[in-house]
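# Summary of structural features
Residue strings, one per chain:
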There are 2 protein chains.
Amino acid sequence: MSVYLNKGTVIMSNPPSIRSFAAAAGRMEGEGPLGSCFDYVSQDSTFGENTWEKSESRLQQHALEHALAKGGISESEISLLFAGDLLNQCTGSAYSVRDIGVPFVGLYGACSTMAESLSMASIFSDNGIGKYNVALTSSHFCSAERQFRFPETYGGQRPPSAQWTATASGCVVVEQHSAPPYVKSVTIGTIKDMGIKDANNMGAAMAPAAYATIKTHLENTGLNVDDFDLILTGDLGEVGTRILCDLFKKDGVDLESVHNDCGLMLFDREKQDVHAGGSGCGCSASVLCGHILGRIKSGELKNVLFTATGALMSPTLVQQGESIPGIAHAVHISAE
Amino acid sequence: MSVYLNKGTVIMSNPPSIRSFAAAAGRMEGEGPLGSCFDYVSQDSTFGENTWEKSESRLQQHALEHALAKGGISESEISLLFAGDLLNQCTGSAYSVRDIGVPFVGLYGACSTMAESLSMASIFSDNGIGKYNVALTSSHFCSAERQFRFPETYGGQRPPSAQWTATASGCVVVEQHSAPPYVKSVTIGTIKDMGIKDANNMGAAMAPAAYATIKTHLENTGLNVDDFDLILTGDLGEVGTRILCDLFKKDGVDLESVHNDCGLMLFDREKQDVHAGGSGCGCSASVLCGHILGRIKSGELKNVLFTATGALMSPTLVQQGESIPGIAHAVHISAE
């Protein structure tokens, strides 16, 4: 049975295994520095569908199908599927799996969804609830832009702090088993709102939540920053990463030496016009599932604190003058 | 440790207790047949706020505050909060709790959220994860109408199959303890889509999901319809209730004698102009927390299968000609 420590931290008693994982992505992500890691890359942003929302569901299906195939299991063997995405009513996920008859726990954690869903799947598996629990999420640049900011055809200018929503998806299959990677513990984050009102500065809105969750996780588990090969935040981008490292520096902690951010890894910011970096549920999901989990499995990385971050940003509330709450959930994934 | 049976059914090994519960509602719900049951009724739909979205968050805070006060616990004692609502980016919940520093698991299950959140809170408590786990949800007529259908000021006509989104909220505090009501088992539902495309006929979109989940729950647990005093669906309304009972009748099962629907209970359909009945996350939440849980606690009701239903309805996808997927989750709540 998992042990609840304090303020959202849950320690696995029999750390569950990640049986398989897969990432799917769009053309631009495929041309980025991690392009060769993905299980599926589409040269066509539509993924063969006639609306961006349906494209996102199709993209998500690719990640799910590859993760199941790599794990050698079928859809009907899934015990519980934990999934969500950025679209209103989380339709990216609901429409992606509506025909496969799988018990479905819909989540909303904005860009933190990969960590939220993986936390839930891992806790369920640690307690023997279900044989194969699946965590799944996605984002699509075109469906996100028109929903959260402006339709693509509007041609709006993007400020330097803006991030580029990744067209990508990640899927993880968790089970009770003895093979790395293991999920050793998680911290479910609390909402932090430092008053950021700029929908083009998500990094700043999320950084305080990442700081709080990582700090809570370290305090509760008694681990230090240097117990990890990598503390990997979701999609803080350049602005949020700077804020996060500064916050730890004030505590006398050098985070920078073990930190990286999925938003800074997915694209080549010199050559690809993504401004402050990548974002979206699919950003941290595809970096985790395409690039990181394989390196943990092989033992190249021993301990990673995967901390996906989400801006719970609503255009409606931003238009009403409200600030943007952030959240972050942390998952300690280990080779040992 | 909870036991996963099959197709989403989870049996509690040490059925957790519902420590406290509360419901808050708007004026119209307060004037309905259950009005006297609610812990808080506002005569003002704005709940003192200047936008409908903020009104909904304030409404939700009333339910949370009353549930905590009745349970004699403080916000800081909450282990995990499972919450969601109908608003885009689930802002009803995120903004309601952003200042209280509670570990937050955001959910999206549309109007099924009370059953989804109560399922999660119960499974966590059954496995000893957290001392007090809280399930929380809400809906508000005005914020929902303008988001899903038309702004109130448009004055659109409502067809007879349309339901009235309740301005209401419910909150349940779950713990490991020995006092009724107990949560004995849950079934996490699968998505069902029978091709309904009418955003004013949510009952028909959700009824097949309710049928599938109730049937799965009964098959997996070996219980029969008449093992329950009440099989309570979320908000099928008149149209969906008729479809649900017909589907069971085809199986030779008389559901009608033990069935009721929160959407048919919340309002007086003779005197209140709600057409096919109530709906919204807050409909089943307030009926459960205001009217049903107290009767289980007192022993008046012995076994209730609370099956909240959700239409995963997106205006964007409906405008694209897509049909509306439904989902339902079942929670067996018992006095014994």
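Please read all numbers here as calculations on a predicted model, not as lab measurements.

For chain A, the count of helices and strands is 10 helices and 15 strands. Against the compact-globule benchmark of 20 Å for 336 residues, chain A has a radius of gyration of 18 Å, which places it among compact chains. In terms of its C-alpha atoms, chain A occupies a principal-axis envelope of roughly 50 × 50 × 35 Å. When the 336 residues of chain A are sorted by exposure, 66% land in the buried category. Sequence-distant contacts in chain A: of pairs separated by 6 or more residues, those separated by 24 or more amount to 78%. On chain A, roughly 10600 Å² of surface is accessible, and the fraction owed to carbon and sulfur atoms is 47%. Computed over 23 positive and 36 negative side-chain charges, the inter-centroid distance for chain A is 1 Å.

Okay, the nonpolar core next. By size, the foremost hydrophobic cluster in this structure holds 118 residues, and its most contacted members are Leu-81 of chain A together with Leu-81 of chain B. Residue contacts for Leu-81 of chain B: discarding those within four places in its chain leaves Val-97, Val-102, Pro-103, Phe-104, Val-105, Val-134 and Leu-136 of chain B. Listed in part, the 108 residues of the second largest apolar core include Leu-34, Trp-164 and Val-287 of chain A together with Tyr-4 of chain B.

Residue and element names in this part refer to chain B. Look at helix H4 (residues 113-126): 19 Å from first C-alpha to last across 14 residues, which is about the 20 Å you get at 1.5 Å a residue. Burial analysis of H4 places 14 of its 14 residues in the buried class, the great majority of the element. Following H4 by one or two positions, Gly-128 has its phi on the positive side, about 70°.

This paragraph deals with the packing of helix H6 (residues 202-221) of chain B against helix H7 (residues 237-250) of chain B. Residues and elements named next belong to chain B. Their axes nearest at 8 Å, the elements H6 and H7 cross at an angle of 40°. Crossing geometry of H6 relative to H7 is assigned as right-handed. Packed against H6, whose contacting residues are Gly-203, Ala-204, Ala-207, Pro-208, Ala-210, Tyr-211, Ile-214 and Lys-215, the element H7 presents Val-239, Gly-240, Ile-243, Leu-244, Leu-247 and Phe-248 at the interface. Partitioning the contact of H6 with H7 into residue classes produces 11 nonpolar, 2 polar and 1 charged.

Tracing the backbone through its elements, the reader meets His-329 of chain B in strand E15 (residues 326-334). A polar atom in the side chain of His-329 of chain B sits 2.9 Å from the backbone nitrogen of Gly-189 of chain B. In contact with His-329 of chain B, not counting residues within four places along its chain, are Phe-104 of chain A together with Ser-112, Ala-115, Glu-116, Thr-187, Ile-188, Gly-189, Thr-213, Phe-306, Thr-307 and Ala-308 of chain B.

Take the domain arrangement of chain A next. Residues and elements named next belong to chain A. Taken domain by domain, chain A consists of domain 1 (16-175) and domain 2 (182-334). The distance between the C-alpha centroids of domain 1 and domain 2 comes to 18 Å. Contacts between the two partners involve 51 residues from domain 1 and, on the opposite side, 54 residues from domain 2. For the domain 1 face of the interface with domain 2, the top three residues by lost area are Phe-21, Cys-111 and Gln-163, together amounting to 17%. Taken together, domain 1 and domain 2 are joined by 0 salt bridges. Elements represented by at least two residues in the side of domain 1 that touches domain 2 include exactly strand E3 (17-25), helix H1 (27-30), helix H4 (113-126), strand E7 (133-139), helix H5 (141-148), strand E8 (164-165) and strand E9 (168-175). It is H4 that contributes the most residues to the side of domain 1 that touches domain 2, 9 residues altogether.

Rotating chain B by 180° and moving it 0.0 Å along the rotation axis overlays it on chain A with an RMSD of 0.0 Å. The transformation relating the two chain copies, once decomposed into turn and shift, fits a two-fold axis. Scanning chain B for the C-alpha nearest the rotation axis identifies Leu-107 of chain B, at a separation of 2.0 Å. Take the interface residues of chain B: 100% of them recur as interface residues in chain A, which is what a same-surface contact looks like.

All names here are of chain A. Tracing the backbone shows Asn-133 in strand E7. The sequence separation of Asn-133 and Asp-44 amounts to 89 residues, and the corresponding C-alpha distance is 30 Å. Those residues in contact with Asn-133, other than ones at most four positions away along the chain, are Ser-79, Leu-80, Phe-82, Ala-121, Phe-124, Ser-125, Val-172, Val-173 and Val-174. A polar contact is formed between the side chain of Asn-133 and the backbone oxygen of Ile-129, at a distance of 2.9 Å.

This part covers the pattern of salt bridges. According to the stated counting rule, one finds 26 salt bridges over all chains in the structure shown. Across the pair Glu-300 of chain A and Arg-295 of chain A runs a salt bridge, and its minimum N-O distance is 2.9 Å. Residue classification places Arg-295 of chain A among the partly exposed positions, given a relative accessible area of 23%. Across the salt bridge formed by Lys-271 of chain B and Asp-268 of chain B, the nearest N and O atoms sit 4.0 Å from each other. Its relative accessible area of 74% is what places Lys-271 of chain B among the exposed residues. Owing to a relative accessible area of 24%, Asp-268 of chain B belongs among the partly exposed residues under this scheme. When salt bridges that share partners are traced, they join Lys-54 and Arg-98 of chain A together with Asp-193 and Glu-322 of chain B into one network.

The peptide bond linking Pro-180 of chain A to Pro-181 of chain A adopts the cis configuration, its omega dihedral lying at 0°. Mapped onto the elements, Pro-181 of chain A comes out in the loop between E9 and strand E10 (182-187). Here Lys-7 of chain B, not a glycine, exhibits a phi torsion of approximately 45°, which is positive. Structurally, Lys-7 of chain B can be placed in the loop between strand E1 (3-4) and strand E2 (9-11). Judged by its relative accessible area of 35%, Lys-7 of chain B falls in the partly exposed class. Of note in the backbone geometry, Gln-89 of chain B takes a positive phi value of approximately 60° without being a glycine.

Here the focus is the interface of chain B and chain A. Counting residues at the interface gives 60 residues for chain B, matched by 60 residues for chain A. When the two sides are added together, the surface that chain B and chain A hide from each other amounts to roughly 4900 Å², 62% of it contributed by carbon and sulfur. Among the residues chain B hides against chain A, the three largest losses belong to Tyr-4, Gln-89 and Arg-98 of chain B. Together they make up 15% of the total. Inspection of the chain B/chain A interface yields 6 salt bridges. For the salt bridge of Glu-322 of chain B with Arg-98 of chain A, the shortest nitrogen-to-oxygen distance reads 2.6 Å. Summed over the shared surface of chain B and chain A, the number is 26 residue pairs in polar contact (both at pLDDT 80 or more). A breakdown of the residues in the side of chain B that touches chain A according to their chemical character gives 31 nonpolar, 21 polar and 8 charged.

Below, the discussion takes up the pairing of strand E14 (residues 303-311) of chain A. Residues and elements named next belong to chain A. When you tally the buried positions in E14, you get 9 out of 9 residues, the bulk of the element. The two faces of E14 match: Asn-303, Leu-305, Thr-307, Thr-309 and Ala-311 on one face and Val-304, Phe-306, Ala-308 and Gly-310 on the other face are all buried. As judged from the 4 bridges shared by strand E11 (residues 230-233) and E14, these two strands associate in the parallel manner. Pairing of Leu-230 across the sheet is with Val-304, part of E14.

Residues and elements named next belong to chain A. The element H5 is extensively covered by neighbouring structure, given that 7 of its 8 residues are classed as buried. Within H5, the full set of buried residues consists of Phe-141, Cys-142, Ser-143, Ala-144, Glu-145, Gln-147 and Phe-148. Residues of H5 that are buried in the fold lie against helix H2 (52-71), E7, E8 and helix H10 (315-319).

Thresholds, definitions, all that
Residues numbered from 1 in each chain as written. Chains lettered and ligands numbered in written order. Predicted model: local features only at pLDDT ≥ 70, side-chain atom pairs only at ≥ 80, totals over all residues. Heavy atoms only, no water. Helix = DSSP H or I, 4+ residues; strand = E, 2+ residues; numbered from the N terminus. Rg over C-alpha atoms; globule rule 2.2 N^0.38 Å. Buried < 20%, exposed > 50% of the residue type's maximum accessible area, 1.4 Å probe, protein only. Contact = heavy atoms within 4.5 Å. Areas by Shrake-Rupley, 256 points an atom, 1.4 Å probe, with all protein chains shown as cover. Lys, Arg positive; Asp, Glu negative; His and termini not counted. Charge placed at Lys NZ, Arg CZ, Asp CG, Glu CD. Core = buried A, V, L, I, M, F, W, Y, C linked by side-chain atoms within 4.5 Å. Expected span 1.5 Å × (residues − 1). Axes fitted to C-alpha atoms, helices over the stretch in contact; angles between N-to-C directions. Left-handed = near helix turned anticlockwise from the far one by under 90°. Nonpolar A, V, L, I, M, F, W, Y, C, P; charged D, E, K, R; others polar. Polar contact = N/O pair within 3.5 Å; in protein donor to acceptor, adjacent residues only side chain to side chain. Domains from an automatic or database assignment. Buried area = accessible area lost by both parts, 1.4 Å probe. Salt bridge = Lys/Arg side-chain N within 4 Å of Asp/Glu carboxyl O. Least-squares fit on C-alpha atoms with pLDDT ≥ 70 in both. Pairing = 2+ DSSP bridges.

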